[in-house]
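Descriptive analysis of the structure
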Amino acid sequence: MEQTFIMIKPDGVQRGLVGEIISRFEKKGFSLKGLKLISVERAFAEKHYEDLSAKPFFNGLVEYIISGPVVAMVWEGKNVVATGRKIIGATNPSDSAPGTIRGDYAVEIGRNIIHGSDAVESARKEIALWFPDGTVNWQSSLHSWIYE
Ligand code: RTP
């Protein structure tokens, strides 16, 4: 089954949105496989966003990610990478539809609350980076009520 990496960024934690965000993924029917509250070092944040290192906003993005604790999660389910991105909404909250997390709770691109892997391959890399000791292997008793 497909997995994705979801991170609630420092603004989402500070604004008390952790429960709301987890609730949206749970209610959808996805399964939580990994969860931790963690403050990351600069080098770790730079590694996570290494593909964006040439962007003009890179230093500000790293400062933002290390400015407070984040919630790192692994969610599992059918098509969870693409569907997770839909639940999160467009990168710039000005373009995120109401009903999405960013559309409902964020205003500016540099404070957009949440990260979600953009592809199955990047999810695999990000899960390995953030959960080097692996995740929890379990299955919800509701599985047969969510999948045919
Ligand atoms: P994320 O990785 O956080 O899920 O975001 P994304 O794929 O939707 O967007 P991406 O282009 O990968 O950008 C990563 C994060 O960098 C910040 N950003 N700031 N100031 C700017 O123009 C700008 N552009 C991007 C955002 O926090 C974005 O989520």
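Residues numbered from 1 in each chain as written. Predicted model: local features only at pLDDT ≥ 70, side-chain atom pairs only at ≥ 80, totals over all residues. Heavy atoms only, no water.

1. Looking at the UniProt feature "active site" (unreviewed entry) in the protein chain
When the UniProt feature table is mapped onto this chain numbering, "active site" (unreviewed entry) sits at His-115. As for its position among the elements, His-115 is in strand β4 (residues 114–116). Once residues lying within four places of it in the same chain are set aside, the contact partners of His-115 are Phe-5, Ile-6, Met-7, Lys-9, His-48, Tyr-49, Ile-88, Arg-102 and Glu-126. (UniProt positions renumbered as here; feature names shortened; annotations may be inferred. Helix = DSSP H or I, 4+ residues; strand = E, 2+ residues; numbered from the N terminus. Contact = heavy atoms within 4.5 Å.)

2. Some words on the sheet that holds strand β3 (residues 70–76)
Pairing is antiparallel in the open sheet, where 4 strands are placed in the order β2-β3-β1-β4. Both edges of this open sheet fall to β2 (31–38) and β4, since each of them pairs with a single strand only. Ignoring strand direction, the axes of neighbouring strands in this sheet form an average angle of 15°. Across 6 bridges, strand β1 (residues 3–8) lies against β3 in antiparallel orientation. Counterpart to Gln-3 in the pairing with β3 is Glu-76. Where helix α7 (residues 120–130) meets the sheet, it contacts β1, β2, β3 and β4, and its direction lies at approximately 60° from that of β1. (Pairing = 2+ DSSP bridges. Axes fitted to C-alpha atoms, helices over the stretch in contact; angles between N-to-C directions.)

3. Comments concerning the UniProt feature "binding site: ATP" (unreviewed entry) in the protein chain
Feature annotation in UniProt assigns "binding site: ATP" (unreviewed entry) to the following positions: Lys-9, Phe-57, Arg-85, Thr-91, Arg-102 and Asn-112. From this annotated list, the subset lining the largest pocket comprises Lys-9, Phe-57, Arg-85, Thr-91, Arg-102 and Asn-112. Relative to the elements of secondary structure, Lys-9 occurs in the loop between β1 and α1 (10–14). The exposure class assigned to Lys-9 is buried, which follows from its relative accessible area of 5%. Apart from the residues within four sequence positions on either side, Lys-9 is in contact with Tyr-49, Tyr-64, Ile-65, Val-70, Arg-102, Asn-112, Ile-113, Ile-114 and His-115. Excluding its chain neighbours within four sequence positions, the residues that come into contact with Arg-85 are Gly-116, Ser-117 and Asp-118. (1 Å grid on protein atoms, 1.4 Å probe; cavity = no way out; pocket = protein on both sides within 12 Å on 5 of 7 lines; lining within 4 Å. Buried < 20%, exposed > 50% of the residue type's maximum accessible area, 1.4 Å probe, protein only.)

4. Looking at the side chain of His-115
Given the relative accessible area of 10%, His-115 is considered buried. One polar contact links His-115 to Glu-126, side chain to side chain, over a distance of 3.0 Å. (Polar contact = N/O pair within 3.5 Å; in protein donor to acceptor, adjacent residues only side chain to side chain.)

5. Describing the layout of surface pockets
The space that makes up the largest pocket amounts to roughly 740 Å³. Lining the largest pocket are 26 residues, and of these His-48, Tyr-49, Leu-52, Leu-61 and His-115 sit closest to its centre. When residues of the lining of the largest pocket are assigned to their parent elements, the largest contribution, 4 residues, is made by α7. Here the lining of the largest pocket is built from residues that sort into 7 nonpolar, 9 polar and 10 charged. By volume, the second largest pocket amounts to about 240 Å³. Around the second largest pocket sit 17 residues that line it, and Gly-29, Phe-30, Ser-31, Ser-140 and Ile-146 are the ones nearest its centre. The set of elements that each furnish at least two residues to the lining of the second largest pocket consists of β2 and α8 (143–146). Considering every element that reaches the lining of the second largest pocket, the biggest residue donor is β2, with 3 residues. The residue inventory of the lining of the second largest pocket, partitioned by class, reads 7 nonpolar, 7 polar and 3 charged. (Points joined across faces, edges and corners; volume = space filled by probe spheres on them. Nonpolar A, V, L, I, M, F, W, Y, C, P; charged D, E, K, R; others polar.)

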